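Residues per chain are reported as follows:
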Amino acid sequence: MVRRNLGQSTRSIYMGLACISLTLHILMAFFCLSVLQSACILPTSSSSTSSSVPRIDPVSHASSSSSASSSSNKQQTNHQHGERQKPNVGTFDHKGNGSFNEDTEKEKKLIGAGKMIANERGRSKLKELFKHSLYNLPRPELQQYDWLLRLKTDAEAEETESEEKAKGDPITSGSDWQSTSEEEGYDKVTWTREKETHPPWLRFHLGISRWELYDRKDLNLAQLTHYLATQRILGAVQKKGGTQLKLLVSFPNYGQALLKPMRQSRDAETDVNLFYFSDFERHNAEIAAFHLDRVMGFNRIPPVVGRLINVTTDIRETTTDERLSRTFFTSPAGNVCFYGQCEYYCSTEHPVCGRPDVLEVSLATMLPDLSLAPRRSWRSPWRRSYSRTKLAQW
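This is a predicted model, so every value here is computed, not measured.

J.: Tell me about the nonpolar core, and name the residues and values.
T.: Of all hydrophobic cores here, the largest spans 38 residues; its most connected members are V249, F251, I315, F338 and L363. Ignoring any residue separated from it by four or fewer positions in sequence, one finds L363 in contact with L228, V249, F251, A257, L258, L259, P303, V304, V305 and R307.

J.: Requested: an account of the pairing of strand β5 (residues 256–261), with residues and values cited.
T.: Extensive coverage of β5 is indicated by the burial of 5 of its 6 residues. Looking at chain direction, strand β4 (residues 247–250) and β5 are connected through 4 bridges and run antiparallel. Looking at the pairing, S250 lines up with Q256 of β5. Connecting the antiparallel pair β4 and β5 is a turn made up of 5 residues, with Y254 showing a positive phi of about 70°. As defined by bridge partners, β5 adjoins strand β10 (residues 358–365) across 5 bridges and the pair is classed as antiparallel. If you follow A257 over to β10, its bridge partner there is T365.

J.: I'd like a description of the pairing of β4, backed by residues and values.
T.: By the alternation rule, side chains of β4 split into L247 and V249 and L248 and S250, which are all buried. Sheet topology places strand β3 (residues 235–238) next to β4; 4 bridges connect them, and they run antiparallel. Considered in β4, the bridge of Q238 is made with L247.

Conventions and cut-offs
- Residues numbered from 1 in each chain as written.
- Predicted model: local features only at pLDDT ≥ 70, side-chain atom pairs only at ≥ 80, totals over all residues.
- Heavy atoms only, no water.
- Core = buried A, V, L, I, M, F, W, Y, C linked by side-chain atoms within 4.5 Å.
- Buried < 20%, exposed > 50% of the residue type's maximum accessible area, 1.4 Å probe, protein only.
- Contact = heavy atoms within 4.5 Å.
- Helix = DSSP H or I, 4+ residues; strand = E, 2+ residues; numbered from the N terminus.
- Pairing = 2+ DSSP bridges.

In structure tokens:
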């Protein structure tokens, strides 16, 4: 009997607790529903008039502006009669609209914020980055032997001129060098020792120092990149050396650039089972490396630009390289293609094709010739190995 009574009492206790918890849950549900309903109810006109931030619409704004103008006229007349009144900015008129001063202040803030956003959008982030103090650290003054190329002094120029006269070489007077090969497609230019007469690529060569290839603040950098992207191509030959196809193109004022064609689309992914050297060289990697080098502040990669060229008029009709000219053909799709001669990917299975003639390429500025600017070269410690068994040094 005792066990039965205890069992019944515990059951009744459990039932009571369950009922209490159920009622509490129901009360909480009703409370949440009431809160949600009150939050979703839109404020009435009376509540909107008592709010501190009035809503501005064209009609109310016009009425508030007219009332404000009338009140300002009244204030002027009262001030003329000697009565001084202080404007109450925080009050509202009898129609339920905010005061004109608050509306205009908020509009000014919105307009100012819009102007700031527009200025930030129009401002170059790269220029702002280059204004940072880390990009403007003081540098040691460059000495004469720190430059890769330099212009001759007056004494040196007179000495070389006298030597050439003694040898009987026909030269022009002074330090001018005039081009007479205009009929070959080159521009007839006169270069003096004045910097303004030099083409952009020559200014770039004269600006190469021991520490960097170019000065970031030099305006010639923009001129050089524009020159690479717009100047017509006079000739194109295949560059010797290297593992993949590269062309050496010439411009009207004796400038040269290294051309790498677009071999595959940007979103093409390399097969993970290929060796790391069994892949096309990407032309846009050259462009990305140049800009990344600028951002990091090294300035040790020659300027590179992207450009669209015509395979027929810019390469096929201008080339003097017989090895390259033999590799041109028209694909079944009607596109003009070529493949050149090199160690990797220079075959009919891996052609470079236009669409049908247009081809995207990268153009990198060439460094001065070794005969003009002798210099030492070091192998990169991060160079890759082209062997399937021997690993790279790193």
